[in-house]
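Commentary on secondary and tertiary structure
Each chain, letter by letter, is given below.
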Amino acid sequence: YGGMGLDFSCNIAVAEELGHIRCGGIPMAIGVQVGMATPALTRFGSHELKKQFLVPTIAGDFVACLGISEVGAGSDVANIKTTAVRKGDEYVINGGKMWITSGSQADWMCLLANTSEGPPHQNKSLICLPMNLPGIHVAKKIDKLGMRSSDTAQIFFEDVRVPCKNLIGEEGKGFTYQMLQFQEERLWGVATALTPMETIIQETIDYTRQRKVFGQPVLHNQTVYFRLAELATELELLRALLHRAVALYVEGNDVTKFASMAKLKAGRLTREVTDSCLQFWGGMGFTSEVLVSRFYRDLRLMSIGGGTDETMLSIICKYMNILPRK
């Protein structure tokens, strides 16, 4: 379908390289295209659907977006309210989606919607939804703390009709398909954060080496150089965990636990690295002129988007069999 036929480890290599871009929004937009909105279509979609949606997306002619989160359901995917009711050979879609990356410019959406009244983990389906259909309303581009170069939209659906053949895989399997997509999304997110953290640490070393306070470089204070060494060590531990998870995933294993651990650690470590390093920049760190302040804002999303830290902890506890049953 126009791709290179490489395994997922190559996605991660690309994601790490994209970290050299000096903002978070562009790697995130590319990540939606290659690792968030398309894996389920690639794995479970029909040949016709792949020709219609996957081929132009891989070519870069279509922009894709992922429609999961809603105003009342972000990390709690089972609680989404958007419906797709089958009428003849069409689904009629009503509801809305929130926090949709690339939503204002997308050509199609990988939409998760309720297609029956069954149990919440068995009543959902993924649908390829063209974004030019009547009844789709892009309400607004959201003004955000960080990732400000990224287009993030709120979208409403009012009696939107889409052919039933646009269903990805089997009806009712959407929750399962999306949980599989989340593995790739979370691993991609971790990979894109590694290089920015590396860059911030190095730029902080360079700055504190030449900036003098009380007659000596800031870097020469033990609290500074010990902290930078500690952060660099934590970064390499995260990289090792990511690469282990990716190697297992390429071999066909379920890496939900390891992907969740890596995502949790990345969210927390990006906050530690950016906060600690910004402090060492002093007043200059509080300006918009330096990279550390941009990543302080951009990388804050790591603990929220694609599942919050708390959701990652719940998933890890579930796999450890220590999560209390409801």
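Residues numbered from 1 in each chain as written. Predicted model: local features only at pLDDT ≥ 70, side-chain atom pairs only at ≥ 80, totals over all residues. Heavy atoms only, no water.

Per an unreviewed UniProt entry, the chain goes by IVD dehydrogenase and derives from Prunella himalayana. Regarding the chain, the relevant UniProt record gives this comment under Sequence similarities (unreviewed entry): "Belongs to the acyl-CoA dehydrogenase family." Under Pathway (unreviewed entry), UniProt gives the following word-for-word description of the chain: "Lipid metabolism; mitochondrial fatty acid beta-oxidation." (UniProt positions renumbered as here; feature names shortened; annotations may be inferred.)

**Notes on the domain arrangement of the chain**
Looking at the assigned domains, one finds that the chain contains domain 1 (8–170) and domain 2 (176–320). A C-alpha centroid distance of 26 Å is found between domain 1 and domain 2. A buried area of about 3100 Å², summed over both sides, lies between domain 1 and domain 2, and 65% of it is on carbon and sulfur atoms. Of all residues in domain 1, the largest losses of buried area upon contact with domain 2 belong to Phe8, Glu16 and Arg22, amounting jointly to 22% of the total for that side. For the pair domain 1 and domain 2, the interface holds three salt bridges. When the shortest N-O distance is used, the salt bridge between arginine 239 and glutamate 16 registers 3.4 Å. Seen at the junction of domain 1 and domain 2, the total is 14 residue pairs in polar contact (both at pLDDT 80 or more). Mapped onto the side of domain 1 that touches domain 2, the elements with two or more residues apiece are α1 (8–18), α2 (25–36) and α3 (39–44). Here the side of domain 1 that touches domain 2 is composed, by residue class, of 24 nonpolar, 13 polar and five charged. (Domains from an automatic or database assignment. Buried area = accessible area lost by both parts, 1.4 Å probe. Salt bridge = Lys/Arg side-chain N within 4 Å of Asp/Glu carboxyl O. Polar contact = N/O pair within 3.5 Å; in protein donor to acceptor, adjacent residues only side chain to side chain. Helix = DSSP H or I, 4+ residues; strand = E, 2+ residues; numbered from the N terminus. Nonpolar A, V, L, I, M, F, W, Y, C, P; charged D, E, K, R; others polar.)

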